[in-house]
Amino acid sequence: MALSRIIKSNQTLVKSIKLIPPNSSLLHSCKSPLFFPSNQRRPICAKHRNDNFLSSDQINISNAFISILIKQPFSPNNPELNNLVPLLTHKIVESVLNNLKNWRLAQQFFTWVSSLPGYKHNIYTYNAMASILSRARQNAQLKALALDVVDSNCSMNPGALGFFIRCLGSVGLVDEANNLFDQVKRIGLCVPNSYSYNCLLEALSKSNLINLVEIRLKEMRNLGLEFDKYTLTPVLQVYCIAGQFDQALSVFNEMLERGWVDEHVLSILVVAFSKWGEVDKAIELIDLMEERGMRLNEKTFYVLIHGFVRESRMDKALCLFDKIRKLGFCRSVSLFDVMIGGLCKNNEREKALSLYSEMKELGIDPDFGILTKLIYSFSEEEEEMDRLLQQCWEDVGSQPKNLLFNSVLEGLVRNGSIDTACNLIQSVMGNNRNGGSVLVKYFLNEKEVVTLNTNSFTSVINGLLGAGKVDMALCLFREMVQFGCNPTLSHCNNLIDALCKLNRLEESYELLRQMKEMGLEPTHFTHNCIFGCLCRLEDVEGAVELVRKMRFYGHEPWIKYSTLLVKNLCKHEKAVEACKFLTDMAQEGFLPDIITYSAAINGLIKIKSVDKGLELFQEICARGYCPDVISYNILLKALCKAKRVAEAEGLLNDMMLKGLVPSEVTYNYLIDGWCKNGEIDRAMLCLSKMFGKEREANVITYATLVDGLCNFGRPDDALKLWDEMGRKGCIPNRIAYHTLVNGLCKCGRSSAALVHFNEMKEKEMRPDSYIYIALISAFLSDTNLPCVLDMLKEMVDVGNLPDPLDKNFPIIRGAICKLLEDARTSFSIKHLIAEGKIPDVSLLEGVEGRHEPSI
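Conventions we followed
Residues numbered from 1 in each chain as written. Predicted model: local features only at pLDDT ≥ 70, side-chain atom pairs only at ≥ 80, totals over all residues. Heavy atoms only, no water. 1 Å grid on protein atoms, 1.4 Å probe; cavity = no way out; pocket = protein on both sides within 12 Å on 5 of 7 lines; lining within 4 Å. Points joined across faces, edges and corners; volume = space filled by probe spheres on them. Nonpolar A, V, L, I, M, F, W, Y, C, P; charged D, E, K, R; others polar. Phe/Tyr/Trp six-rings, centres within 6.5 Å; stacked < 30°, edge-to-face > 60°. Helix = DSSP H or I, 4+ residues; strand = E, 2+ residues; numbered from the N terminus. Lys NZ or Arg CZ within 6 Å of the ring centre and 35° of its normal. Axes fitted to C-alpha atoms, helices over the stretch in contact; angles between N-to-C directions. Parallel < 35°, antiparallel > 145°, perpendicular 65-115°, else oblique. Left-handed = near helix turned anticlockwise from the far one by under 90°. Contact = heavy atoms within 4.5 Å. Buried < 20%, exposed > 50% of the residue type's maximum accessible area, 1.4 Å probe, protein only. Core = buried A, V, L, I, M, F, W, Y, C linked by side-chain atoms within 4.5 Å. UniProt positions renumbered as here; feature names shortened; annotations may be inferred. Disulfide = S-S within 2.5 Å. Salt bridge = Lys/Arg side-chain N within 4 Å of Asp/Glu carboxyl O. Polar contact = N/O pair within 3.5 Å; in protein donor to acceptor, adjacent residues only side chain to side chain.

Now for empty space enclosed by the protein. Applying the stated criterion across every chain yields a total of two cavities of 30 Å³ or more. Of the pockets and cavities examined, the second largest cavity occupies roughly 30 Å³. As for the second largest cavity, its lining consists of Glu 556, Pro 557, Ile 559, Ser 562, Met 585, Phe 590 and Leu 591. Broken down by class, the residue content of the lining of the second largest cavity amounts to five nonpolar, one polar and one charged.

See below:
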C-alpha cells in the first residue's frame, strides 16, 4: 500500500468513514473475517520460551541457582554458585532470570554471568533482562542494556528485535528504541521484518511521533515489506492522538477494505470521535460493534463517558451508562460522580437524583463531592433543596454535616438565593428575624446541632457583597465576631474593598483599625483599596499620608490610582496640585510612571501652560524617564495648536533619535499644524516623510490636507490628493466628504462640489446643514439660481433648513430674495412660502408685501 493512500484527504465525517451494513457483500467476499473474535489478540511479545523448553536436568539446575540466589545476599565468590558454573547454558540463564522476582537480584545475576570466562549472553537472555527492567520501570538500566546489546555484537532474529523494541517503548524510551533499530540494521546484527517494524511503529505511536511513523512506513514500502493489521493499527492510533482527522479515517478505511478491523481498532476510532466532539458518530460505531458481536472494554466505556459529559451530551452518556449496567461492569463512585456532575450541569436534576438513589441501592457510599454537586444544582428553590436533603441527610455522618451546611449556603449563594442563605444562617444562630428557613429543621434538631464556623459565614458575606448589599454584609460580619468565629484577612479585605468602592472612607478606616486590634496585619491589597478611595475623592493630603504609612509596611501604592488622582485633578484644572502630589510621591520613594506624568503634562497644557508642560517633560527626561509616543503626542498637539509647529517638528526629530516610531496621530498633528500655519507645502512634505517611514496615512490625514489645499486656493491639488486617497485604499468618511465639498465651494468649484455631494449621498452619508449652505453660496456666486432652488428644496425635504436665528440664515434669506426676483424661480419659491415650508423673508425684514406670494 502506498504511503499516499494512508494520508489521502477526506471531506466530511459522514462521507469519509465507510460504515459497512450487516448484509454487505464485502463481509462475505473477504478471505479473512472482517471482525476478529474477542479471543484473537495480538501477542504481547515474540514467542517466549519458558520452563517447558527445558529438560528435567536443566530445570533442576535452574532451581538450584534460584535457591542459592534467594537464600542469602548475592556473592560472586559463593562456592555453591561456582560449582554450578560449568552447567550454565543460555536456556538456564533465561529460566533463572524469568523466575527471579527482584529486579536488582536479576541484574546482579545477569552481570555476574556475563563476566564468566567463555560465556556470552544471547538475545534471549538480553530480552529476559529487558522484560524485567521494563516491568520494574528501571529506565536508566534499560538504556544501558540497549547499548550493551549493540556493543556486544549480539545477533538476533527479527522477532527478538521486536520484543526488545517493545520493552523500550513500554517505558517511553522511544529514542532508544529508534536508535537500537537503526544500529542493528547498520551493523548487520539483524535484518528487520514486518514484525520488527510493527513493534517500532507501536512504540513511536505511543509518543505521538507522526513524522517518524510515516518515515518508517516509507522504509517498509521501499523494502517490499507487506503492511498488515498490526502495521496500520499504531498508524491509526498516532493520527487519532494528534487529532489528524482525515488521515485517521483514511487508515481506518484501508483497514476496513482489507478486513483488518477488530474490537481494538474500532475502540481507537470510537475514543477519537469522542475527543473530536463527534459524539453521534462514536455512538454509531459502538452500535456497529454490537451488531458484529463485539463490545468495548470497561476502560474504553469510562473514557467515552467522560468525553460525552465534557461535550454536554448527557443523552449519549446515559446511553453508555445503561450499556455498562447491562454488561455487568463495575460502576465506581468516580463514574457516578462524573455522571451526576454532568446531569447537574445540564440542570437535569431528576435524573441526577435517580442516579444518586441507584448508588445507594448498589451499596456505593456517595462521597462529599457528589453531594456538593447535587446541592449546588438543587439550591435554586428552597423547596427543591428541602426535597434533596430529605433523601441524602441520613447518608452523611455527624462530622460532614457541618460541611453539608456550608455547601448548602454556598449553593444558595451561587444560584442567587442570597436572602435565603442569609435567613438560614440567621436561623441557625437563633435570630429568627424573618420567621426562619424551612431548611433549618435539618441543622437544628435535638439529636444534632450544626456548629457554625468561619467558613459558614464566608460564602454568605461574599454573596452579599457581590449583590451590592454592603450594609447587610457588615452586619453579618459583626454578628460573626459576636458569635465567636474568628474573621479572616479575606473578610476584612473584601469588606474594605466594597466600602472604598462606595467612597465610604471613614468606615473603611474604622474597619482597618478593628483589623489591627484582632491581630490581622493589613496587606498590600488593604492599603491600596483605601488609597484608591482617597484618589477618587481627590484627597491629596490623605493619599500622601497613607503612602507614608504604606512605606512603613513595605507596601507600594498602585500606579493606576496615582494616575487616576492626577487625571481627576487635571480635569478640574488643578494641574499644579497634581504636580505637587507627584513630587511628594517621589520624595516618599514611590516614583510615578510615564503614564502618570503624561497625565500631569496634559493637565498643565489644558490650563494654558504649554511651557510648564514642556518644562515637566524635560525634567522627567533628565531624571531618566523614557517618554513614550503618547507623551510626545500630547506635547506635539499642544505646540501645533499654539502655532509653534517648528518646535513640534524638533520634538518629532528628538523622538525618532530615541528610537520611538511616530504614529499616524503624530504626523496628523504636524500636518494639521502646518496647514493652520499657512505652510501647506511643509504639510505635504510631512506626508512624504510619513510614507517614507512606512506609515499609512488615514482619512484624517487626507481630510486635513484637502482642507489646507482648498484654504490656500489649490482645489486641483486637493482633488488629486482625493484621488490618491482612493487608490491607496483609504475610504473617505462623511467628514472627509464635508471637507472636500466645503473646500471646493470656497474655491468657486461648485460643479465639482456638486459631483462629490451627490457621490456622498449615494453612499448613504447624510450631509450637514452647513454643506447645503456652502453649495447655495457657491451657486449664488455663479448666479446658478436653478441649482440654488434645487438645494433649497432638498434642505426643506430633509429638514435641514436653518432657524431664522441661526448665524447661517442670512445666506438663506439672501438666496430666497434672489429666487423671488428671478422669473425662472419666483413661482416655485412663492409656492414654498405659501405652503409654510420656508419663511416669508419680507416679514422677517419688516418689509411687508414686498414679495407677496400669489399662487
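There's plenty left to go through after this.
Before going further, it helps to spend a moment on the packing of aromatic side chains. Taken as a whole and judged by the stated rule, the model has 15 aromatic pairs. When the ring of Phe 757 is compared with that of Tyr 772, the centres are 5.4 Å apart and the planes differ by 75 degrees; the resulting orientation is edge-to-face. One end of the pair, Phe 757, is in helix α44 (residues 750–762); the other, Tyr 772, is in helix α45 (residues 769–781), and 15 residues separate them in sequence. One aromatic cluster in this structure is built from Phe 525, Phe 531, Trp 558 and Tyr 561. Over the ring of Phe 691 we find Lys 728, and its NZ or CZ is 4.6 Å from the ring centre.

Now for the packing of helix α46 (residues 785–798) against helix α47 (residues 809–821). It is at 10 Å that the axes of α46 and α47 come closest, and there the two elements cross at 125 degrees. The orientation of α46 relative to α47 falls into the category oblique. Between α46 and α47 lies a crossing of left-handed hand. Residue-level contacts link Leu 785, Val 788, Leu 789, Leu 792 and Met 795 of α46 to Ile 812, Ala 815, Ile 816, Lys 818 and Leu 819 of α47. A per-class count over the contact of α46 with α47 returns nine nonpolar, no polar and one charged.

Before going further, it helps to spend a moment on the side chain of His 555. In this structure, His 555 sits in the loop between α32 (540–553) and α33 (559–571). Judged by relative accessible area, His 555 falls into the buried class, the value being 11%. Ignoring sequence-local partners within four residues, the contact set of His 555 consists of Pro 522, Thr 523, His 524, His 527, Met 550 and Phe 590.

Here we come to the nonpolar core. The nonpolar side chains of soluble globular proteins are, as a tendency, buried together. Core analysis: the biggest nonpolar cluster contains 283 residues, and Phe 65, Phe 109, Leu 236, Leu 424, Phe 443, Phe 531 and Phe 581 have the highest contact counts within it. Ignoring sequence-local partners within four residues, the contact set of Phe 109 consists of Phe 65, Leu 69, Phe 74, Val 93, Val 96, Leu 97 and Leu 100.

So, about the UniProt feature "domain: Pentatricopeptide repeat-containing protein-mitochondrial" (unreviewed entry) in the protein. The sites that carry the UniProt feature "domain: Pentatricopeptide repeat-containing protein-mitochondrial" (unreviewed entry) are, in the present numbering, residues 213–323. Span residues 213–323 is 79% helix and 0% strand, its end C-alpha atoms 36 Å apart.

Here the focus is the state of the cysteines. In total, this model carries zero disulfides according to the counting rule given. Counting only cysteine sulfurs, Cys 492 is the nearest neighbor of Cys 485, a cysteine outside any disulfide, at a range of 14 Å. Using a relative accessible area of 7% as the deciding quantity, one classes Cys 485 as buried.

Each pair of packed helices gets described by two things: the angle between the helix axes and the distance between those axes. Remark: α44 packs on α45, axes separated minimally by 10 Å, with the N-to-C direction vectors making an angle of 150 degrees. Here α44 lies roughly antiparallel to α45, going by the angle between them. Seen from above, α44 lies across α45 with left-handed handedness. Contact with α44, carried on its side by Ser 750, Ala 753, Leu 754 and Phe 757, involves Ile 771, Tyr 772, Leu 775, Ala 778 and Phe 779 of α45 and no other residues of that element.

What follows concerns the pattern of salt bridges. Within the structure shown, the criterion is met by 42 salt bridges. Residues Lys 185 and Glu 219 are paired through a salt bridge, measuring 3.4 Å at the closest nitrogen-oxygen approach. Separated by 34 residues along the polypeptide, Lys 185 in helix α11 (residues 174–187) and Glu 219 in helix α13 (residues 210–223) bring together distant segments of the chain. Using a relative accessible area of 22% as the deciding quantity, one classes Glu 219 as partly exposed.

Tracing the chain through its elements places Gln 247 in helix α15 (residues 245–258). Distance in space between the C-alpha atoms of Gln 247 and Pro 487 is 60 Å, their sequence separation being 240 residues. At a separation of 3.1 Å, a polar atom in the side chain of Gln 247 contacts the side chain of Gln 244.

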